[in-house]
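Listed here are the chains, written in short residue letters.
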Number of protein chains: 2
Amino acid sequence: MQQVNVGLCGLGTVGAGVVKILEGHADEIKYKVGCEISIKKILVNDINKKRDVIIDSSWLTTDPDELMKNPDIDIIIEVMGGIEDTNILLETAIRNKKHIVTANKDLMAVHGQKLLRLAKENHCDVFYDASVAGGIPIIRSLTDGLASDRIQKIMGIVNGTTNYILTKMTDEQLAFEPVLKEAQELGFAEADPTSDVEGLDAARKMTLLANLAFKMEISLDDVEVKGIRTISQEDITFATSLGYTIKLIGIASINKGKVEVSVEPTLLPKDHPLALVKNEFNAVYVHGEAVGETMFYGPGAGSMPTATAVVSDLMEVVKNIRLGITGNEYVTPQYKTQLKLNEEKYTKYFIRMEVNDEAGTFQKITNIFSDENVSFAKILQLPASKEKMAEIVMVTHQISKQQLLNSLENLKDLSVVNRIISYYRVDGEE
Amino acid sequence: MQQVNVGLCGLGTVGAGVVKILEGHADEIKYKVGCEISIKKILVNDINKKRDVIIDSSWLTTDPDELMKNPDIDIIIEVMGGIEDTNILLETAIRNKKHIVTANKDLMAVHGQKLLRLAKENHCDVFYDASVAGGIPIIRSLTDGLASDRIQKIMGIVNGTTNYILTKMTDEQLAFEPVLKEAQELGFAEADPTSDVEGLDAARKMTLLANLAFKMEISLDDVEVKGIRTISQEDITFATSLGYTIKLIGIASINKGKVEVSVEPTLLPKDHPLALVKNEFNAVYVHGEAVGETMFYGPGAGSMPTATAVVSDLMEVVKNIRLGITGNEYVTPQYKTQLKLNEEKYTKYFIRMEVNDEAGTFQKITNIFSDENVSFAKILQLPASKEKMAEIVMVTHQISKQQLLNSLENLKDLSVVNRIISYYRVDGEE
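Thresholds, definitions, all that
- Here the residue index of a chain counts from 1 through its sequence in written order.
- Think of it this way: whatever chain is written first is A, whatever ligand is written first is 1, and the rest follow in order.
- For a predicted model such as this one, the threshold for reporting local features is a pLDDT of at least 70, and the threshold for listing and counting side-chain atom pairs is 80 or more; totals across whole chains, interfaces and linings nevertheless cover every residue.
- As a rule here, side-chain values come from all non-hydrogen atoms in the structure, and water together with hydrogens is ignored.
- We define a salt bridge as a side-chain nitrogen of Lys or Arg found within 4 Å of a carboxyl oxygen belonging to Asp or Glu.
- The numbering of helices and of strands both runs from the N terminus, where a helix is a DSSP run of H or I of at least 4 residues and a strand a run of E of at least 2.
- Three labels apply to residues, based on accessible area from a 1.4 Å probe with only protein chains included: buried if under 20% of the type maximum, exposed if over 50%, partly exposed otherwise in between.
- Two residues form a contact once any of their heavy atoms are found within 4.5 Å.
- Joining two parts hides part of their accessible area as seen by a 1.4 Å probe, and the buried area is that hidden amount summed over both.
- Think of a polar contact as two N or O atoms within 3.5 Å of one another; within protein, one of them needs to be a possible hydrogen donor and the other a possible acceptor, and neighboring residues in sequence only count if both atoms come from side chains.
- Only Asp, Glu, Lys and Arg are considered charged, only Ala, Val, Leu, Ile, Met, Phe, Trp, Tyr, Cys and Pro nonpolar, and every remaining residue, Gly among them, polar.
- Angular values range over 0 to 180 degrees, each being the angle between N-to-C directions of two axes fitted as lines to C-alpha atoms, with helices fitted over their stretch in contact.
- Orientation categories follow fixed angle ranges, with anything under 35 degrees roughly parallel, anything over 145 roughly antiparallel, 65 to 115 roughly perpendicular, and all other angles oblique.
- In this scheme the crossing of two helices becomes right-handed for a clockwise turn of the near helix relative to the far one and left-handed for an anticlockwise turn of less than a right angle.
- When DSSP locates at least two bridges between a pair of strands, those strands are taken to pair.
- For the least-squares superposition of copies, only C-alpha atoms count, and only for residues with pLDDT at least 70 in both.
- Count a disulfide wherever a pair of cysteine sulfur atoms falls within 2.5 Å.
- Centres within 6.5 Å are what make two rings of Phe, Tyr or Trp a pair, Trp counting through its six-membered ring; a difference in plane orientation under 30 degrees is then read as stacked, over 60 as edge-to-face, and the rest as tilted.
- We call a charge positioned above a ring when the Lys NZ or Arg CZ atom is no farther than 6 Å from the ring centre and deviates by at most 35 degrees from the ring normal.

This part covers the pattern of salt bridges. All chains considered together, the criterion is met by 60 salt bridges over all chains. Linking Arg 229 of chain B and Glu 198 of chain B is a salt bridge whose minimum nitrogen-to-oxygen distance equals 3.1 Å. With Arg 229 of chain B in the loop between β8 (224-225) and α11 (233-241) and Glu 198 of chain B in the loop between α9 (194-197) and α10 (200-214), this residue pair connects regions lying 31 residues apart in the sequence. A salt bridge links Glu 354 of chain B to Arg 419 of chain B, with the shortest nitrogen-to-oxygen separation between them at 3.5 Å. Residue Glu 354 of chain B is found in strand β13 (residues 346-356), and its partner Arg 419 of chain B is found in strand β17 (residues 417-426); the two are separated by 65 residues along the sequence. In this structure Arg 419 of chain B comes out as partly exposed when scored by relative accessible area, which is 41%. Ionic contacts of the salt-bridge type, sharing partners, join the residues Lys 153, Glu 260, Glu 264, Lys 340, Arg 425 and Asp 427 of chain A into one network.

Let us now look at the interface of chain B and chain A. One frequent convention defines the size of an interface as the accessible area lost when the parts assemble. At the interface, 48 residues of chain B touch 48 residues of chain A. Interface of chain B and chain A: buried area, both sides summed, is about 4100 Å²; carbon and sulfur atoms make up 56% of it. Its largest share of buried area at the contact with chain A, chain B owes to Tyr 31, Tyr 297 and Leu 323 of chain B, together 15% of the area lost on that side. Where chain B touches chain A, the interface holds 4 salt bridges. Across the pair Asp 271 of chain A and Lys 278 of chain B runs a salt bridge, and its minimum N-O distance is 3.8 Å. At the surface where chain B touches chain A, the tally comes to 4 residue pairs in polar contact (both at pLDDT 80 or more). At the level of secondary structure, the elements contributing two or more residues to the side of chain B that touches chain A comprise α1 (13-24), α2 (26-33), α6 (138-146), β12 (292-299) and α12 (303-323) of chain B. Considering every element that reaches the side of chain B that touches chain A, the biggest residue donor is α12 of chain B, with 10 residues. Taken together, the residues that form the side of chain B that touches chain A break down as 22 nonpolar, 12 polar and 14 charged.

For the rest of this paragraph, the subject is the packing of helix α5 (residues 105-121) of chain A against helix α10 (residues 200-214) of chain A. Residues and elements named next belong to chain A. Two elements in contact, α5 and α10, have axes whose closest approach is 10 Å; the angle formed by their N-to-C orientations is 45°. Relative to α10, α5 is oriented oblique. As for the relative orientation of α5 and α10, their crossing is left-handed in sense. Between α5 and α10, the contacting residues are Lys 105, Asp 106, Met 108, Ala 109 and Gln 113 on the first element and Asp 201, Arg 204, Lys 205, Leu 208 and Asn 211 on the second.

With that out of the way, let us pick up the packing of α1 of chain B against α2 of chain B. A packed helix pair is summarised by two numbers, namely the angle formed by the two axes and the spacing between the axes. All names here are of chain B. Interhelical geometry of α1 versus α2 gives an angle of 75° and a closest axis separation of 5 Å. One finds that α1 runs roughly perpendicular with respect to α2. Two secondary-structure elements touch here, α1 through Ile 21, Leu 22, Glu 23 and Gly 24 and α2 through Ala 26, Glu 28 and Ile 29. A class-by-class count of the residues in the contact of α1 with α2 yields 4 nonpolar, 1 polar and 2 charged.

Residue and element names in this part refer to chain A. Of all 8 residues in strand β11 (residues 281-288), 7 are buried; the element is thus mostly enclosed. Pairing analysis gives 6 bridges linking strand β7 (residues 151-157) to β11, with the strands arranged antiparallel. Bridge pairing in β11 places Ile 157 opposite Ala 283. The pairing of β11 with strand β12 (residues 292-299) spans 8 bridges and is classified as antiparallel. When the sheet's bridge partners are listed, Phe 281 is paired in β12 with Pro 299. In textbook terms, the turn of a hairpin is the stretch between consecutive antiparallel strands, and for β11 and β12 this stretch comprises 3 residues.

In this section: the sheet that holds strand β6 (residues 126-127) of chain B. Note on sheets: strands pair through backbone hydrogen bonds, and any given pair is parallel or antiparallel. Residues and elements named next belong to chain B. The 6 strands are arranged β3-β2-β1-β4-β5-β6 in an open sheet whose pairing can be described as parallel. Strands at the two margins of the open sheet, each flanked by one partner only, are β3 (60-61) and β6. Bridge count between strand β1 (residues 3-9) and strand β4 (residues 75-78): 4 bridges; the pairing is parallel. Within the sheet, the bridge partner assigned to Gly 7 lies in β4 and is Ile 76.

Attention now moves to the relation of the copies chain B and chain A. Related by rotation about an axis and a shift along that axis, the two copies of the chain form a pair. The operation relating chain B to chain A is a screw motion whose rotation component is 180°, with 0.0 Å of axial translation and a residual RMSD of 0.1 Å. In short, the pair behaves as if placed about a two-fold rotation axis. In this assembly, 100% of the residues forming the interface of chain B have copies in chain A that are likewise at the interface, indicating an isologous arrangement.

Once that is clear, we can look at the sheet that holds strand β6 (residues 126-127) of chain A. Residue and element names in this part refer to chain A. An order of β3-β2-β1-β4-β5-β6 is seen for the 6 strands of this open sheet, with the pairing classed as parallel. What marks the edges here is a single partner per strand, and that holds for β3 (60-61) and β6. Here 4 bridges tie strand β4 (residues 75-78) to strand β5 (residues 99-102), and the two strands are oriented parallel to one another. The partner of Ile 76 across the bridge, within β5, is Ile 100.

Residues and elements named next belong to chain B. Inspection of every chain in the model, using the stated rule, returns 0 disulfides over all chains. Sulfur of Cys 9: no disulfide; nearest cysteine sulfur belongs to Cys 124 and is 14 Å away. The exposure class assigned to Cys 9 is buried, which follows from its relative accessible area of 1%.

Further remarks concern the packing of aromatic side chains. For any two aromatic rings, the description comes down to two numbers: the centre-to-centre distance and the angle of the planes. Under the criterion given, the structure shown has 9 aromatic pairs over all chains. With 4.5 Å between their ring centres and 35° between their planes, Tyr 164 of chain B and Phe 188 of chain B make a pair best called tilted. Placement of the pair is Tyr 164 of chain B in helix α7 (residues 160-171) and Phe 188 of chain B in the loop between α8 (176-186) and α9, with a sequence separation of 24 residues. Directly above the aromatic system of Tyr 423 of chain A lies the positively charged group of Lys 226 of chain A, at a separation of 4.4 Å from the ring centroid.

Here we come to the environment of Ala 103 of chain B. All names here are of chain B. Among the secondary structure elements, Ala 103 is positioned in the loop between β5 (99-102) and α5 (105-121). When its relative accessible area of 23% is taken as the criterion, Ala 103 is described as partly exposed. The spatial distance from the C-alpha of Ala 103 to the C-alpha of Asp 313 is 9.9 Å, given a sequence separation of 210 residues. For Ala 103, the contacting residues outside a window of four places in its chain are Glu 78, Val 79, Ala 130, Ser 131, Thr 306 and Val 310.

Shown next as structure tokens:
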């Protein structure tokens, strides 16, 4: 094989970046993969649009079949976005024995497992490292790492928008709404921020990572998701005074064959490696049986980081074609998906509540927790803003989620407890 | 090719780890590389020694020729250490067309370029990712990244011993000597700690990284090295009060084709990603033209992390053999090595001096700096422990190393300056 031919779908900023890298680094790339990589066709909406990248005009087409059914094309790079229509195009391409490189996490979260299975049947590769944390080769690290280690836990900051918002709220003592508005004006948050702010975007990415790490078929519905909208400035202040930083953390962990995947605001010790990941940066922390702790940090998005990740994936596919080992990305679920019950999910919790400021209150509350065998590492009590009220902030030792829920339920029945203001997972401590 | 045969040199903790991984993960490894990997021979000192790993006793030999000249062996894994004798063995192996995987940084720092050249002539691979920051795939990231990005700066904490010592000095307000002694007792520092403490070990690793990143032939002599022995508790206290953390940082940077490689104690803003890398952990921060900032964090050493890295390298070599692209690890220096002059090295500096506590002192000192166009971002003046003395701590704006050296030289001639106590590079700020 002297040359591999590529069809590129989409010529926005990422697509243009891919073209620039393939041309600017052609020699180095050939040197690394052992053959030339050429772009044959580019699928665009408008052939006549002016573009800031130099291309042969004969490459441009508006007809998908010129890529998906073109016998001269070996690999399709998809950087145009979209879910349903794009999925149909990629399925056609795979049935025509084309390998796929995509940066489309929305597509992969919805149709990923199906595409990977179809690709396996057709001995084709589907690479999507650019779709999770663009500038960080986390999917490759997990798949390669899997071969010689066993992943036990992943903790990730995998959504740049929410990390930007929480960083501003923490460092500048601002409330959620004005920060979101500013982020929207700066282009760090979308006009409809629901998917980011409610944790769904992060949940999609954690699903992809958990499937790879644990070789199970975990679906989006298996992920417990809690967003950042309800985090108040007071929560942040109390967390800070107790030595913690609040981050939106995706967690995927396995214990005796049972897994837990969640995305929720989490308190980390302020010197935890993930606590210092600021603004729109992403980071994924992996605990492997042999390697121990490793962390990958980098830009979560951006057109050049994403284009670089796309080209890295492309190079791997070319190597696999030449090695005759394509079609192995679908990790056949080796294990039946077994989710942890609430009784089996262990962590620490931060709990904040408003109580009557009267004698005996504290004892009544601690009795409730004692009945559930919940004990505490830290307790703060201070006057609340309302008259005759006090606020209690507690951090538990390791307890099960069921112990937490039982305690909260019983607290509600206690007349001295006015309300549970908030509670968050606490992780990353010894 | 149905099977690749391996000769293993050394069966200590790393060697035993390699055997365990190859056996425990045989199926996954075959799946990833497309063929089986078998151990054929193991070179040991004592065949009869009791070992905690199950092996076929016919594999063991004390005769290097049974590995290096064995026509059935394709790849030599070297995890036995040593420099000159080991180098001779590996040269023999390469002349007999064996590929090499080694975790031996001392050997690679001294004979690496020569071995890589010899390997290229013989179309053999030499992989040594396990030799720098064992648990972090940094060499692979640089070589793969190189193909589609251009590295501009590397900052690394690449020596676990000194990072452990500095962490203890900072967090527990202890002096260098007692911390070193404790580290030696705990096995984190060697009986002769010179190579670690003086920065030589880090300099060797930075040489390997700089060669790869900039495609030049940079030798150990080109690296400016300053160790941690002279860092005092007062330096750390002042750095902390100004918002910095002191780390032993290896820096390799390129600017208009000219490079600078150094290892020296450096002040980083306390929220810089590298500032939170604690104890014996390593981390390498890479700034690429396209990707921007990325960081890799993990264990710098340890037998299982190193064994995992060795097996990852082994798998890459097997893929390369099957791809027919072996012998490409020697990066022919594309560029002539051009080192930056002191006039071209720009950074900020922290300077601490003891001065006479009398009227006009401060003005005399600032005049010296003004003459060299040096201005300051932060200045602290406070009484020194000696009578009639004061201490001044200054952090400059960006200046050249030459400006610093000129200023320090002129300060020595100033009668009001009793002594320059210390000065350090400041990096990682905007």
